[in-house]
Every structure is written in C-alpha cells, then in structure tokens.
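# Commentary on secondary and tertiary structure
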Amino acid sequence: MSNSWWPLLWGNEPEAESLAPSHPYYPLGVAIPEYAANEAPVPVLLASLGGMLGFALVGASFVALRINPTLTKSNLAVFCWFVLNSCLHCVFEGYFVLNHAAVASSQNVLAQLWKEYALSDSRYLTSDSFMLSVESITAFVWGPLCLVNAISIVSRSPARHALRIIACMAHIYGVALYYATSQSEAFLGGRSHSRPEPLYFWVYYVGFNLPWVIIPAILLYDSSRTVTRALRALDDVEGLLDVHRLSTEESGAKAITKPKKTK
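Structure report, in brief. (Residues numbered from 1 in each chain as written. Predicted model: local features only at pLDDT ≥ 70, side-chain atom pairs only at ≥ 80, totals over all residues. Heavy atoms only, no water.)

What follows covers the overall build of the protein. Within the protein, the regular secondary structure consists of 8 helices and 0 strands. Ordered by position from the N terminus, the helices and strands of the protein form the series α-α-α-α-α-α-α-α. The 263 residues of the protein split such that 35% are buried. Contacts in the protein between residues at least 24 apart in sequence constitute 71% of all its contacts with a sequence separation of at least 6. Carbon and sulfur atoms make up 69% of the accessible area of the protein, which amounts to about 16300 Å² in all. (Helix = DSSP H or I, 4+ residues; strand = E, 2+ residues; numbered from the N terminus. Buried < 20%, exposed > 50% of the residue type's maximum accessible area, 1.4 Å probe, protein only. Contact = heavy atoms within 4.5 Å. Areas by Shrake-Rupley, 256 points an atom, 1.4 Å probe, with all protein chains shown as cover.)

Bringing the packing of helix α3 (residues 73-99) against helix α4 (residues 109-117) into the picture now. Running from amino to carboxyl end, α3 crosses α4 at an angle of 80°, the nearest separation of the two axes being 10 Å. It follows that α3 is roughly perpendicular to α4 by the angle criterion. In this structure, α3 contributes V91, F92, E93, Y95 and F96 to the contact, and α4 contributes L110, A111, L113 and W114. The residue inventory of the contact of α3 with α4, partitioned by class, reads 8 nonpolar, no polar and 1 charged. (Axes fitted to C-alpha atoms, helices over the stretch in contact; angles between N-to-C directions. Parallel < 35°, antiparallel > 145°, perpendicular 65-115°, else oblique. Nonpolar A, V, L, I, M, F, W, Y, C, P; charged D, E, K, R; others polar.)

This brings us to the side chain of S61. Relative to the helices and strands, S61 resides in helix α2 (residues 42-67). Taking the relative accessible area as the measure of exposure, S61 reaches 13% and is therefore buried. In this structure the side chain of S61 is engaged in a polar contact, spanning 2.8 Å, whose partner is the backbone oxygen of L57. For S61, the residues in contact, after removing those within four places along its chain, are L76, F79 and C80. (Polar contact = N/O pair within 3.5 Å; in protein donor to acceptor, adjacent residues only side chain to side chain.)

So, in structure tokens, the structure goes:
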C-alpha cells in the first residue's frame, strides 16, 4: 500500500522527478527561476558570436585604414583588440546587465551564450550583486573607454598611451576581482559556481578570461616603455634648454656689467 493514501499519517512521498535537479548548474540546488535549456547547439552559438564579432572587426579595420592608411600592422592589431572589447563590453555584457533577470528563460542568441558560459559560473544566472556591479562598470565605463582607445589609435592622439594604460589596468583588475571572489567562495566556503568538468573550468572559466590578463599586460608594458622613453627625451630636451637659457643669461649679464671704454 502506498503511503500517498495516508497523507495525514505519512505525508506524500516525493516524486522521483522532483529529486532530480531542474538545471545543470553548480552549486547543486542553486535557485534559477524559470530556467529553460538552450535550444541551439554550442557550435551554432559560437559561430553566431564569431560571425558578429568578425563582421565588426573587418568593418572597423576597413574604416580605420581609409582614415589612416599609414596605420601599421601592430597598431591595427591593437585597434582591433579595443574594438573587440568595445563590442563585447557594450553589447554582450551590456545585454546581461539590462536583462539579467530574464537570461535564464530567454532563447535569443545572447541569452543562450550566457547560459552556456554560466556552466562555468552560475552567478550569471542568479543576479549576483558582485556580477551586476562589475559588469555594469564594464559595460557602461570600460566599453566606451575601449572605443575611445580605438579612435585614439587611428587619430594618433597624444593621449592614446594614457588611455591604453587606464583600460589595461581596468581589465587586469576586473579579472583579478572576478577570480578572487569566485575562488574565495570555493576554497573558504566550499561553494563552487563551476561544473567540475575540465571543459567548463579550464576552457570556459580560465581560458576565456585569461586573454584579458595576458594581452593587457603586454600592452601595459609597451605603453609604459613608450611613456618612459618620451619623458626621458623630454627631460633631456628641457635640460639642454636650461643650459642654453643659463648661458644666454650669463652672456647678457656680462654684456651689461662690462664697462665702456672712454676715448
């Protein structure tokens, strides 16, 4: 006899389906209301994202070379890096900030991409306060700053290295905070937000974020060297000007104090 016939004495037995997790995200049991599994396969999602970014980079490069035909390959590569960042920050991460509560149930391309990435960090589907804060700054401050960086490279603005240093420090600091907050929860609180499979931890969580440490570090080093050389050259020029100014003043003083000969 089933205990379900006697709810007052035994209570209802839980259904087997109710014990199964309603989503694939970690930590197990984390609440993700109205979650709907992705309809598109991962290769289609990645191809869609790659196509959109590729179109933006090719178009931006064409415009940049029309405006400044003397743009070197290295400067064009840095230009494309900042255009890529501007697109990702303003569009992809901006979408998350504005629609974070509906990402779990949505089936548009950007939402499905976020749900796939969230397998490595479920905080993106739980409206986590840290994620909303850091992604808001990224979307509305660092995204436009990256666009300004790209423009400054094409126009050869004197401020381009200063702007680049700010953007690179922002990226490195943001990734450091991102890793620190999630790993502190994992090691100190035993609460991991990533699935244990190598694909989600090492490829998604580590691999997809590591370029925002490596490339900014390289650009930061290059810009620091350029600014250092420029300041050293400026100091040398100022030193020569000071020597010339002092010699001119001494010559003028001697000419004034020299007594006139009388006939």
